[in-house]
Each structure stands twice: as C-alpha cells, then as structure tokens.
Amino acid sequence: MGASPILPPPDSQGRAQLDDLTAQSNTVRTAVAVGRVRLGTEAFDQVRAQTVQKGDVLSVAQVAGILGAKQTSKLIPLCHDVQLKGVDLSFELDEDTHSIEIRAYVKTFGPTGVEMEAMTAVSIAALVIYDMCKSISKELSISDVHLRAKTGGQSGDYRRGAS
C-alpha cells in the first residue's frame, strides 16, 4: 500500500499528525452509517410503547446522535472539524430480534468526508438507547456499527456489498 500523493506521511519519527487538506477539492460529501441495539423483549416493548421511565428513548437518541456528529472532531483525535450541512437519524424497530437499527445520514460540502461523523452519530445514539434502557435489562448489546455508503472525495463513491 503506497503513500498518498496528496497527504504527507507520518513525520520522520512515525508520530501521528493531522492530514493537510489544503490540496483537497471542496465537493459534496455524504455518508450513511448503521448500527444495532439489541434490547430484549421487555425493553423493546417499553421503547415501542414510549413507557421507559427516563422518557422517549428514540427522540433523545436522535438529538444525541446529531450532537455526536457535530462533536466528532473533539472525540476522535485526528478527525478534522467538519462543517456539517445536514445530519438525519432514523430508527427501525425489529420485532423479530427485539432490536433497533439506527441509521445516520450526514452531508457536507468541503475537503474531507463525513464517514466518522456518521458512525459517531450512530454510536452515540446507540449509547443513549443503552443508557436509557439499562435499568430494564442487563442483556442489552450494541453491534455492527459500520459505514453503509459514502459519496464524494478522492476515493470516490462506496456502497457496502457493491463491487
């Protein structure tokens, strides 16, 4: 795997450094990330009925996910601070597995992508769901947080599973 022709390698002593984006073009960039929270029957039923003691789990998780996307550069050391143009989170309740699939769509116009912002949004939303439901069940789990698709940038478009 060769070095990028645009971005400098780690410094001469191998230390990490923030990528120099001055040569990158501003383009529209999007990313979609997904993840899953398994709740078990009781917690799932309470989330669906909006009877969780702490409040409306999905509304709180949605706001938290958006805030998480906006704070990504403060949480992930080598992420650039990206000016987001849009963040949308959606939730799909899966009755068969008593789980919630979280989907985050993030968009910007700039020199770097928003994959990390999308995955941070999903991760923070999942942690909020976990936190708000942990008094109901100790069998909760967060899994399969991953990038589903991205557009724009030097590496081009990507869709998971597409060849």
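You'll find the structure just up there.
The present account deals with the structure reproduced in this document. (Residues numbered from 1 in each chain as written. Predicted model: local features only at pLDDT ≥ 70, side-chain atom pairs only at ≥ 80, totals over all residues. Heavy atoms only, no water.)

## Side note on the side chain of Lys150
Part 1: Here Lys150 lies in strand β4 (residues 141–151).
Part 2: Buried and unpaired, Lys150 has Glu115 as its nearest opposite-charge partner, separated by 4.3 Å.
Part 3: The contact partners of Lys150, leaving out residues within four places of it in the chain, are Thr30, Ala31, Glu115, Ser155, Gly156, Asp157 and Tyr158. (Helix = DSSP H or I, 4+ residues; strand = E, 2+ residues; numbered from the N terminus. Buried < 20%, exposed > 50% of the residue type's maximum accessible area, 1.4 Å probe, protein only. Lys, Arg positive; Asp, Glu negative; His and termini not counted. Salt bridge = Lys/Arg side-chain N within 4 Å of Asp/Glu carboxyl O. Contact = heavy atoms within 4.5 Å.)

## Concerning the pairing of strand β3 (residues 99–110)
Part 1: Where strand β1 (residues 27–38) and β3 come together, 12 bridges link them in antiparallel fashion. Residue pairing in the sheet places Ala33 in a bridge with Ala104 of β3.
Part 2: Taking the residues between adjacent antiparallel strands as the criterion, strand β2 (residues 84–94) and β3 are bridged by four residues, where His98 takes a positive phi near 50°. (Pairing = 2+ DSSP bridges.)

## A word on the sheet that holds β4
Part 1: With antiparallel pairing, five strands are arranged side by side in an open sheet as β2-β3-β1-β4-β5. At either margin of the open sheet sits one strand with a lone partner, and together these are β2 and β5 (158–159).
Part 2: As defined by bridge partners, β2 adjoins β3 across 10 bridges and the pair is classed as antiparallel. Across the sheet, the residue bridging to Phe91 is Ile102, located in β3.
Part 3: Sheet strands in contact with helix α2 (residues 57–70) are β2 and β3, and its direction is about 145° off that of β2. (Axes fitted to C-alpha atoms, helices over the stretch in contact; angles between N-to-C directions.)

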